[in-house]
Amino acid sequence: YPAKLWLQYETPEEAGWSSERLAVAKEYFDSIESAAVMVVYDGAVLAAWGDVDRRYMCHSVRKSFLSSLVGVHAAKGSIDLNKTLAELGIDDVPPLTAAEKRATVFDLLRSRSGVFHEAAYSTSQMKVGRPKRGSREPGEIFWYNNWDFNTLGVIFEQETGVSIFQEFDRQLANPLQMQDYRVSDGYYHYERRYSIHPAYPFRMSARDMARFGLLYLRKGRWNDRQVLPSQWVHDSVASHFHDSDA
């Protein structure tokens, strides 16, 4: 595990890797104009390219950040994954149907809510081919839908009484000793013409996201502390896609 600062191998060969082959990867990194890459092997930096300390917009990585926080609070009992939208008092404008309100927190986590409502922060690709509202039951199919993820953020704050960004700082950034993350790097993105529920974009550096990735590789453990429940990590990276979704 890294401490406040990452340790770095003097050469790739020191860790059993090839300088020549990493050079090929670096050429590809340059060719596609990537912003930053950090390669971590056995808890130390094997290679770092670009501005690894610059806080970039994370886009959909935000969903993994929130999922980890839901896992912490589900284990504590402050979030019930089996509660429905109706039980939680969740609605939208235009309003949800009674059938849509049967979706559970677990359905939203898996992007299987069956709620095909317009959503903030959606790309054109998300909108193309989106099923008609009411065409599927909750849990029936997977559909990558920002409505699920945005509403999950609202549910998280409603049920826990804390902000996503402050809780990420407390539960993850501080224990993992992230070097660059600041609570102020997160914000709420509203598009009320589509939905009352905002997105919650993060800005984060590659070297801080590498700590988050290493936490999952270590099954939620950081040094002598179990930061995330190991079962949550296991379930989070398991496939929830069914053959019938294709």
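Residues numbered from 1 in each chain as written. Predicted model: local features only at pLDDT ≥ 70, side-chain atom pairs only at ≥ 80, totals over all residues. Heavy atoms only, no water.

Enquirer: Explain the overall build of the protein chain residue by residue, including any values.
Expert: A tally of regular secondary structure across the protein chain gives nine helices and six strands. For 246 residues, the compact-globule estimate of 2.2 N^0.38 gives 18 Å, and the protein chain sits close to it at 20 Å. Counting only C-alpha atoms, the protein chain reaches 60 × 40 × 35 Å along its principal axes. For the protein chain, with 246 residues in total, the buried portion stands at 46%. Taking the contacts inside the protein chain whose residues are at least 6 apart along the sequence as the reference set, 68% of them involve residues at least 24 apart. Charge-centre separation for the protein chain: the mean point of 29 positive side chains lies 4 Å from the mean point of 32 negative side chains. (Helix = DSSP H or I, 4+ residues; strand = E, 2+ residues; numbered from the N terminus. Rg over C-alpha atoms; globule rule 2.2 N^0.38 Å. Buried < 20%, exposed > 50% of the residue type's maximum accessible area, 1.4 Å probe, protein only. Contact = heavy atoms within 4.5 Å. Lys, Arg positive; Asp, Glu negative; His and termini not counted. Charge placed at Lys NZ, Arg CZ, Asp CG, Glu CD.)

Enquirer: Can you lay out the side chain of His 197 for me, pointing to particular residues and giving the numbers?
Expert: By the element assignment, His 197 lies in the loop between α7 (164-173) and β4 (203-204). What makes His 197 buried here is its relative accessible area of 5%. What His 197 contacts, discounting residues up to four positions off in sequence, is Ile 90, Asp 91, Asp 92, Ala 120, Trp 147, Asn 150, Thr 151 and Val 154.

Enquirer: Residues and numbers for the environment of Asn 145, please.
Expert: Tracing the backbone shows Asn 145 in the loop between α5 (124-127) and α6 (146-160). Put simply, Asn 145 and Glu 118 are 27 residues apart on the chain and 8.9 Å apart in space, counted from C-alpha to C-alpha. Not counting residues within four places of it along the chain, the set of residues in contact with Asn 145 comprises Ser 111, Val 115, Phe 116 and His 117.

Enquirer: Please provide a residue-by-residue account of helix α8 (residues 206-217), values included.
Expert: With 12 residues, α8 extends 16 Å from end C-alpha to end C-alpha; this agrees with the ideal 16 Å at 1.5 Å per step. Considered for burial, the residues of α8 that qualify are Ala 206, Arg 207, Asp 208, Ala 210, Arg 211, Phe 212, Leu 214, Leu 215 and Tyr 216. Among the residues trailing α8, Lys 219 stands out with phi positive, at a value near 60°. (Expected span 1.5 Å × (residues − 1).)

Enquirer: Could you give me a rundown of the packing of helix α2 (residues 61-76) against α8, with the residues and numbers involved?
Expert: One way to put it is that α2 packs onto α8 with a least axis distance of 12 Å and a crossing angle of 50°. Our classification of the angle between α2 and α8 gives oblique. Considering only the axes of α2 and α8, their crossing is left-handed. Contacts between α2 and α8 involve Val 61, Ser 64, Phe 65 and Ser 68 from the first element and Met 209, Phe 212 and Tyr 216 from the second. Grouping the constituent residues of the contact of α2 with α8 by class yields five nonpolar, two polar and no charged. (Axes fitted to C-alpha atoms, helices over the stretch in contact; angles between N-to-C directions. Parallel < 35°, antiparallel > 145°, perpendicular 65-115°, else oblique. Left-handed = near helix turned anticlockwise from the far one by under 90°. Nonpolar A, V, L, I, M, F, W, Y, C, P; charged D, E, K, R; others polar.)

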